[in-house]
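Notes for the structure review
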Amino acid sequence: MANQVRIFQLAKKLGLRSEALLKVLADLGLEDVSAASSIDIATARAAAELLAEQAREARKRAEEEAEEERVRAEEEATVAAAAATAAEAEAEAPVETEEVAAAEEPVEVGSEGEAEAAPGETEAEEEEEEAPQRWVPAWAAPESLRSLEEQLAELEVELEEEEEAYVPLPEEARRPRGERPEHAVDVPPVVSVLGHVDHGKTTLLDALRETDVVAGESGGITQHIGASEVQVGDQTIVFVDTPGHAAFTQMRARGGQVADIVVLVVAADDGVMPQTIEAIGHAKAAGVPIIVAINKTDMPGADPDRVKQALLEYELVAEDFGGDTIMVPVSALRGDNLDTLLEMILLVAEVQELWADPNAAFAGVVVEAGMDESRGPVATILVRNGEVKVGDVVVCGTAQGRIRRLNDWRGKSVKSMGPGHPVEVIGLSDVPQAGQVMTAVDGIKQARELVASRSEVLRDQAMGGSARASLKDLYRELGELTTKDLNLMLKADVWGSVQALESALMELDERLEEVDINIISTGVGEVNESDVLLAVASNCIILGFRVGIGGAAERTSETEHVEIRTYDIIYEVLDDIQAAMLGMLDPVYEERVTGHGRVMRVFRISRIGVIAGTLITDGYVQRGSQMTVTRGREKIFEGKVESLKHFEQDVRRIESPNECGISTNAFRGWEEGDEIEFVAEVEVPRQTTFKSAR
Ligand code: GDP
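Residues numbered from 1 in each chain as written. Predicted model: local features only at pLDDT ≥ 70, side-chain atom pairs only at ≥ 80, totals over all residues. Heavy atoms only, no water.

Digging into the overall build of the protein
Cut-off, in case you're wondering: Under the DSSP-based scheme used, a helix requires at least four consecutive residues in state H or I and a strand at least two consecutive residues in state E, with every element numbered from the N terminus. Accessibility here uses a 1.4 Å probe with only protein chains present; expressed as a share of the type maximum, an area under 20% marks a residue as buried, one over 50% as exposed, and anything in between as partly exposed. Contacts are residue-level and defined by heavy atoms, with any inter-residue pair within 4.5 Å sufficient. All accessible-area figures derive from a Shrake-Rupley calculation using a 1.4 Å probe, and residue coverage is judged against the displayed protein chains alone.
Helices and strands together make up the secondary structure of the protein, namely 18 helices and 33 strands. Counting all 694 residues of the protein, 43% fall into the buried class. Taking the intrachain contacts of the protein between residues at least 6 apart in sequence as the baseline, contacts between residues at least 24 apart amount to 72%. Total accessible area computed for the protein in this model is approximately 35,500 Å², and 49% of it derives from carbon and sulfur atoms.

Some points on the sheet that holds strand β12 (residues 376-385)
Using the following cut-off: Any two strands between which DSSP finds at least two bridges are classified as paired.
Judged by pairing direction, the sheet is antiparallel, and its eight strands sit side by side in the order β15-β14-β20-β11-β12-β19-β16-β17 without closing on themselves. Only two strands of the sheet have a single neighbouring strand rather than two, namely β15 (399-402) and β17 (413-414).

Some points on helix α18 (residues 570-584)
Rule in force here: An expected span of 1.5 Å times one less than the residue number is assigned to each helix. Our arc is simply the arc of the directions from the helix axis toward the C-beta atoms.
Taking 1.5 Å per residue as the helical rise, α18 with its 15 residues ought to reach 21 Å, and the 21 Å between its terminal C-alpha atoms agrees with that figure. Of all the residues in α18, the buried ones are V573, L574, I577 and M581. On an axial view of α18, the arc spanned by its buried residues comes to 95 degrees, and they lie on one face. Those residues of α18 that are exposed and aimed more than 90 degrees away from the buried face are Y571, D575 and G583. For α18, the elements touching its buried residues are β21 (484-492), α15 (495-511), β22 (515-524), β23 (541-545) and β24 (564-567).

Brief notes about the site of the ligand
Let me state the cut-off plainly: By convention in this text, a residue qualifies as near a molecule or strand provided that one of its non-hydrogen atoms is within 4 Å of it. Residues adjacent in sequence count toward polar contacts only when both atoms are side-chain atoms; beyond that, a polar contact is any pair of N or O atoms within 3.5 Å, and within protein one must be able to donate a hydrogen and the other to accept it.
Around the ligand sit 15 residues, and of these D198, K201, T202, T203 and D298 come closest. Between the ligand and K296 there is a distance of 2.9 Å, counted from an oxygen atom to a side-chain nitrogen or oxygen. When the free accessible area of the ligand is taken as 580 Å², the share hidden by the protein chains comes to 75%. By residue number, the principal contributor to the shell around the ligand is helix α8 (residues 201-214), which donates three residues.

Here's the deal with the packing of aromatic side chains
So the rule is basically this: Two aromatic rings, drawn from Phe, Tyr or Trp (for Trp, its six-membered ring), form a pair once their centres lie within 6.5 Å of each other, and the interplanar angle then sorts them: stacked below 30 degrees, edge-to-face above 60, tilted otherwise. Criterion for a charge above a ring: Lys NZ or Arg CZ within 6 Å of the ring centre, and within 35 degrees of the ring normal.
Per the stated rule, a full pass over the model turns up two aromatic pairs. On the numbers, 4.8 Å between centres and 10 degrees between planes, the contact of F637 with F667 is stacked. Of this pair, F637 sits in strand β28 (residues 634-640) while F667 sits in the loop between β32 (659-663) and β33 (675-684), and the two are 30 residues apart along the sequence. Across the pair, exposure class does not vary: F637 and F667 are buried alike. Here the aromatic rings of F667 and W670 are separated by 5.1 Å at their centres, their planes lie at 75 degrees, and the arrangement is edge-to-face. The structure contains a cluster of three or more aromatic residues connected by ring pairs, namely F637, F667 and W670. Between the NZ or CZ atom of R653 and the centre of the ring of Y620, over which it lies, the distance is 3.6 Å.

Details of the pattern of salt bridges
In plain terms, the rule: Salt bridges are counted wherever a side-chain nitrogen of Lys or Arg sits within 4 Å of a carboxyl oxygen of Asp or Glu.
In the structure shown here, the tally under the stated rule is 22 salt bridges. The shortest N-O distance in the salt bridge between R375 and E424 comes to 3.2 Å. Of this pair, R375 sits in the loop between β11 (363-372) and β12 while E424 sits in strand β19 (residues 422-426), and the two are 49 residues apart along the sequence. We classify E424 as buried; its relative accessible area is 4%. Of the charged contacts in the structure, one is a salt bridge between K635 and E638, with a shortest N-O distance of 3.3 Å. Each of E67, R70 and E74 takes part in a single network of salt bridges with overlapping partners.

Looking at the packing of α15 against α18
Defined as follows: For helices, the fitted axis covers only the stretch in contact; all axes are lines through C-alpha atoms, and the angles between them, taken along N-to-C directions, range from 0 to 180 degrees. Each crossing gets its hand from how the near helix is turned against the far one by less than a right angle, where anticlockwise is left-handed and clockwise is right-handed. Each residue receives one of three labels: charged for Asp, Glu, Lys and Arg, nonpolar for Ala, Val, Leu, Ile, Met, Phe, Trp, Tyr, Cys and Pro, and polar for the others, Gly being one of them.
Interhelical geometry of α15 versus α18 gives an angle of 30 degrees and a closest axis separation of 11 Å. For the element pair α15 and α18, the recorded crossing hand is right-handed. Mapping the contact onto sequence places A500, L501, A504, L505, L508 and D509 in α15 and I570, V573, L574, I577, Q578 and M581 in α18. Within the contact of α15 with α18, the residues separate by chemical class into 10 nonpolar, one polar and one charged.

Some words on helix α17 (residues 551-560)
Every buried residue of α17 is accounted for by A553, T556 and S557. For α17, the angular spread of the buried residues around the axis is 105 degrees, confining them to a single face. Opposite its buried face, α17 presents the exposed residues R555, E558 and T559, each directed more than 90 degrees away. Along its buried surface, α17 packs onto α16 (529-538) and β24. Just beyond α17, the residue with positive phi is H561, at close to 55 degrees.

Quick notes on a nonpolar patch on the surface
Spelled out, the test is: To count toward a patch, a residue needs a relative accessible area over 30% and no salt bridge; like charges are then connected within 9 Å, while nonpolar side chains (Val, Leu, Ile, Met, Phe, Trp, Tyr) are connected within 5 Å.
A cluster of nonpolar side chains, contributed by F603, I605 and I608, occupies part of the molecular surface with about 260 Å² of accessible area. Mapped onto the elements of the fold, F603 is located in strand β25 (residues 588-605). Classification of F603 as partly exposed rests on a relative accessible area of 32%.

A closer look at the sheet that holds β23
Taken in spatial order, the four strands line up as β22-β21-β23-β24 in an open sheet, and their pairing is parallel. Strands at the two margins of the open sheet, each flanked by one partner only, are β22 and β24. In this sheet, neighbouring strand axes are inclined to one another by 25 degrees on average, regardless of whether the strands run parallel or antiparallel. Contacts between α15 and the sheet are confined to β21, β22 and β23, with β22 contributing the most and set at about 175 degrees to the helix.

Brief notes about the packing of α16 against α17
Under the convention used in this document: With respect to orientation, any angle under 35 degrees is reported as roughly parallel, any angle over 145 as roughly antiparallel, any angle of 65 to 115 as roughly perpendicular, and every other angle as oblique.
Put simply, α16 and α17 touch, their axes get as near as 8 Å, and they point 20 degrees apart. By the criterion of interaxial angle, the relationship of α16 to α17 is roughly parallel. Crossing handedness for the pair α16 and α17: right-handed. Listed contacts from α17 to E529, V532, L533 and V536 of α16 are A552, A553, T556, S557 and E560. Classifying every residue of the contact of α16 with α17 by side-chain character gives five nonpolar, two polar and two charged.

Regarding the pairing of β23
Rules: Looking down the strands as they point away from you, a crossover is right-handed if its path from the first strand over the helix to the second goes clockwise.
Across the five residues that make up β23, a large majority, four, are buried. Bridge analysis of β21 against β23 gives five bridges, and the strand direction is parallel. Bridging across to β23, M489 finds its partner in I542. In this structure, β23 lies alongside β24, joined through four bridges in parallel fashion. When the bridges of β24 are listed, F545 appears paired with Y567. In this fold, β23 hands off to α17, which returns the chain to β24; that crossover is right-handed.

Some thoughts on the nonpolar core
Going by this rule: Residues enter a nonpolar core if they are buried and are Ala, Val, Leu, Ile, Met, Phe, Trp, Tyr or Cys, with the set joined through side-chain atoms within 4.5 Å.
Ranked by size, the top nonpolar core spans 40 residues in total, and within it L505 and I577 carry the most contacts. The dominant element in this core, judged by the number of residues it contributes, is α15, at seven residues. Among residues more than four places away in sequence, those in contact with I577 are L486, L488, L505, L508, I517 and L543. Within the second largest apolar cluster, 25 residues are counted, among which are A207, V265, I291 and L342.

A closer look at the environment of D336
Tracing the backbone through its elements, the reader meets D336 in the loop between β9 (327-329) and α12 (338-352). For D336, a relative accessible area of 29% gives the class partly exposed. In this structure the C-alpha to C-alpha distance between D336 and N295, which are 41 residues apart in sequence, comes to 9.5 Å. In this structure D336 touches V330 and S331, once residues within four positions along its chain are discounted. For D336, the side chain forms a polar contact with the side chain of R334, separated by 3.0 Å.

Okay, here's the thing in structure tokens:
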């Protein structure tokens, strides 16, 4: 999606919650959007700048508050100094002063309604609690603001890179341009079927393959490889299967890149939806022509014209509306008008004059990849140039290997595959990613060297990324962000699982304010040692989904204390992560009555003071608890349990029905029969604040 970024992704980059960003966007006048909506880069920048402005204001406010605080402290210091001078003067006066001062102290506090036993201590505690909220020192350094600006600059670069990432495939994987050599061959167009979920992409692809069966051309498909060929007369069309789920943006973006034509499926009864718009974005970014298949025209509520009307807004103007976008009403379910759709695809392809050089060095693009239990890493590629053969040594991203087996789109074993066709490759060391380019090298040694140097670059990048100070830290310092991070790394059997997991986790993330799930990296295949090392660097937990853990990874995880958790069921992952998120929340304390006691005997011990021999009648008492002493109906004292003894021993806590000795310097007038109620701060279970899924 060139020049577009999804709101939740932008929020992630900025270290904010989507809602916070939505609020800022609303301030900018953008109200009809959700976290899943896309905004253009200019708007993203405007939002980021507004945020920076708000951060600056917050900083200014903080400085002002700090200044006020400083002035107040100074004033207090002056007053204290004056008092000290006065006290010094008094100290020279006769003896009883000390006693007077001691006797007066509690009275003073008591007169404020808080008969605290040790007022000095209590105040100190309060001060300690307050102190961290005045984050003056952090802000005093102007670097903080500078790093915010750097973060914004970085964001711009990232957005630009993202923008660029959508446009070109690596040179060798692109369609050849320029003069067509003598020996060049025509190649079939590659078509991606994009569109909103449930608009009928899968049904359409199946139906198109069916047309083939009807024509008697198919030898039966033994196994889907992620791409298929449809024969129309003597011409061929290659269709790439594109995953249909909302979160598969990345894959769809790649699907868009690899394609020569995008068929945009829009259900006539549902119209233009968010992923329809996103798909238009992908196709436009990749500069690929769009053919609109208006599907489900058999439905009672179907209104193709309404779809055409809605598409005008996205500069897709149907021919009968005076434009040049081909729109074909179809019913994938009934097979209506599919011939016309295929004809139109061939028509558009004809103009493109697609060819390839069979003698050129081999290059292919991965359209689908995964881990197969019995066959190991499996990748489906589109051969772009040259020819790939069983026995070739190939490199693809950080995967390499000698090709053991090639399968054509029907799953039938072949010796080689020429340009323009999809083929399944078996024999790689690792699972590559969709969009990566596969090339041939001279031998295994060269392949390994190439992969080693690529891995090193990737690791450096990953480490650099996690070391960067984030805007989030800055907000945290500001006190405006009180969230905690749960960093995760996902490894799964296939990319589909990774993405399903990722989107489910992102949804979970949206549902609990206080904890932020950050997916640091994703991958396919077993958890390996470099995953563990990356997890150490980025302080994350590794989630393995339907994959095992390599031996070296297991050992390293133990020495490096990296948690690896493996699952087979998505709900179990979500349950666990949900529990982990709740576990990360700060505990909540509440003042609760913990118990009651009755004074059975009063001991007056010289030098020690007065001790109330108390029977705990229910619950418990602990040292430091607040207590309320009543006699008859009258409340006679409120204060703290300063000393708690069981026989001669100091103890922290006594449960009913035991007896104990309670004393406080602030109250000595105990009498037998006094009733005491104890109140303490008790940790209470957190009420879950998971919002319901939208
Ligand atoms: P995808 O999510 O875009 O791949 O959509 P699917 O191909 O899974 O289709 C979603 C639902 O729409 C399924 O229940 C299909 O049977 C139904 N569907 C697809 N095409 C048509 C159509 O042309 N007419 C009708 N009535 N239903 C369709």
